[in-house]
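# Understanding the architecture of this molecule
These are the residues of each chain, in order.
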Amino acid sequence: MIARRTAAWSFIALGALGAVALLLAGPAGAHVVAVPAFVSSGSAESITFSGPNERDEPMTEFALTLPVGLAIKHAHEVEGWDESVEGSTATWVGGPLAPDDEIAFGMTLEADVEPGAVELEAEQRYPSGSVVSWPVALTITPARESPSQNLALAGVVALIGLLSIVAIAMLAWRRRA
């Protein structure tokens, strides 16, 4: 009995320490973040990519390159920046973005790929010629179901529930008789 209590308290203590470690941990290593971080397969989604300029010089160009299976439908305008799309890369030139400032660039993406994780490449470019590259994680989710599919599933579940209730009622009735 004492061993069980000790194991339970040890488990609780380890869980609490883990939670504290997560709270005190610094920000994650991914510096360019996609919001939302998912696109449904077979559909288009407007995504915002944001990140800070961590360099001591102003950033004057930002580019996003998509993997096979994703297509750029539209690069969104950002005040003070000129956007262009060439193949699977969207580029914004202008700014500049001062050191330690953050900016968001957006685009509408279309996914024609199986569900799973994909990785885009973000590049922050500077007048000195230096380039900082960041991987950007994006999840492709299964295609959205049509409302008729959801209604059919609800009907099947309701029918199973109704048959279960009838079967239980019949068993109860037989036991009484």
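All of the points below concern the structure found in this document.

The rules we used
- Residues numbered from 1 in each chain as written.
- Predicted model: local features only at pLDDT ≥ 70, side-chain atom pairs only at ≥ 80, totals over all residues.
- Heavy atoms only, no water.
- Pairing = 2+ DSSP bridges.
- Helix = DSSP H or I, 4+ residues; strand = E, 2+ residues; numbered from the N terminus.
- Phe/Tyr/Trp six-rings, centres within 6.5 Å; stacked < 30°, edge-to-face > 60°.
- Buried < 20%, exposed > 50% of the residue type's maximum accessible area, 1.4 Å probe, protein only.
- Salt bridge = Lys/Arg side-chain N within 4 Å of Asp/Glu carboxyl O.
- Core = buried A, V, L, I, M, F, W, Y, C linked by side-chain atoms within 4.5 Å.
- Contact = heavy atoms within 4.5 Å.
- Patch = residues over 30% accessible without salt bridge, like charges linked within 9 Å, V, L, I, M, F, W, Y side chains within 5 Å.
- Areas by Shrake-Rupley, 256 points an atom, 1.4 Å probe, with all protein chains shown as cover.
- Lys, Arg positive; Asp, Glu negative; His and termini not counted.
- Charge placed at Lys NZ, Arg CZ, Asp CG, Glu CD.

## A few points about the pairing of strand 7 (residues 89-97)
Examined bridge by bridge, strand 4 (residues 59-65) and strand 7 share six bridges and lie antiparallel to one another. Its bridge partner lying in strand 7, Leu64 is registered against Ala90. One ladder, built from six bridges, connects strand 6 (residues 81-86) with strand 7; its direction is antiparallel. Opposite Ser84, over in strand 7, you have Thr91 as the bridge partner. Remark: two residues form the turn of the hairpin made by strand 6 and strand 7, two consecutive strands paired antiparallel; Gly87 in that turn has positive phi of roughly 65°.

## Details of the packing of aromatic side chains
Tallied over the entire structure, the rule returns four aromatic pairs. Here Phe62 and Trp92 contribute two aromatic rings whose centre-to-centre distance is 6.1 Å and whose plane-to-plane angle is 45°, an arrangement assigned as tilted. Taken together, the residues Phe62 in strand 4 and Trp92 in strand 7 connect sequence positions 30 residues apart. Of the two residues, Phe62 and Trp92, neither departs from the other in class, the shared state being buried. Here the aromatic rings of Phe62 and Phe105 are separated by 4.6 Å at their centres, their planes lie at 10°, and the arrangement is stacked. Here Phe105 lies in strand 8 (residues 102-111) and Phe62 lies in strand 4, a separation of 43 residues in the sequence. By way of ring pairs, the aromatic residues Phe62, Trp81, Trp92 and Phe105 are connected into one cluster.

## Remarks on the pattern of salt bridges
Tallying each qualifying case throughout the model produces three salt bridges. Of the charged contacts, one joins Lys73 and Glu110 as a salt bridge, the two residues approaching to 3.5 Å between their closest N and O atoms. One end of the pair, Lys73, is in strand 5 (residues 70-75); the other, Glu110, is in strand 8, with 37 residues separating them in the sequence. Put simply, Arg125 and Glu123 hold a salt bridge, and the shortest N to O gap is 2.6 Å. Residue classification places Glu123 among the buried positions, given a relative accessible area of 18%. Within the structure, one salt-bridge network assembled from shared partners comprises Glu61, Glu123 and Arg125.

## Observations concerning the nonpolar core
For soluble globular proteins, nonpolar side chains are generally found buried alongside one another. One finds Phe49, Trp92, Met107 and Leu138 to be the most contacted residues of the largest nonpolar core, which totals 31 residues. In contact with Phe49, other than residues within four places in its own chain, are Val32, Val33, Ala34, Leu64, Ile103, Ala104, Phe105, Met107, Leu109, Leu120 and Val136.

## Regarding the environment of Gly69
With respect to the element layout, Gly69 can be found in the loop between strand 4 and strand 5. Sequence separation between Gly69 and Ser41 is 28 residues, and the spatial gap between their C-alpha atoms is 9.4 Å. Contact partners of Gly69, with chain neighbours within four places excluded, come to Glu110, Ala111, Asp112 and Val113.

## Quick word on unusual backbone geometry
Going from Val35 to Pro36, the amide bond is cis rather than trans, its omega being -10°. With respect to the helices and strands, the residue Pro36 is situated in the loop between strand 1 (33-35) and strand 2 (38-40). Residue Pro96 is bonded to the preceding Gly95 through a cis peptide linkage, with omega at 0°. Structurally, Pro96 is set in strand 7.

## Side note on the environment of Glu114
You can see Glu114 is positioned in the loop between strand 8 and strand 9 (116-125). Look at Glu114 and you get exposed, because its relative accessible area is 64%. For the pair formed by Glu114 and Ser40, sequence separation is 74 residues and the distance between their alpha carbons is 9.5 Å.

## Focus on a negative patch on the surface
Taken together, the side chains of Glu54, Asp56, Asp100 and Asp101 present a region of like negative charge at the surface. Tracing the backbone through its elements, the reader meets Glu54 in the loop between strand 3 (44-52) and strand 4.

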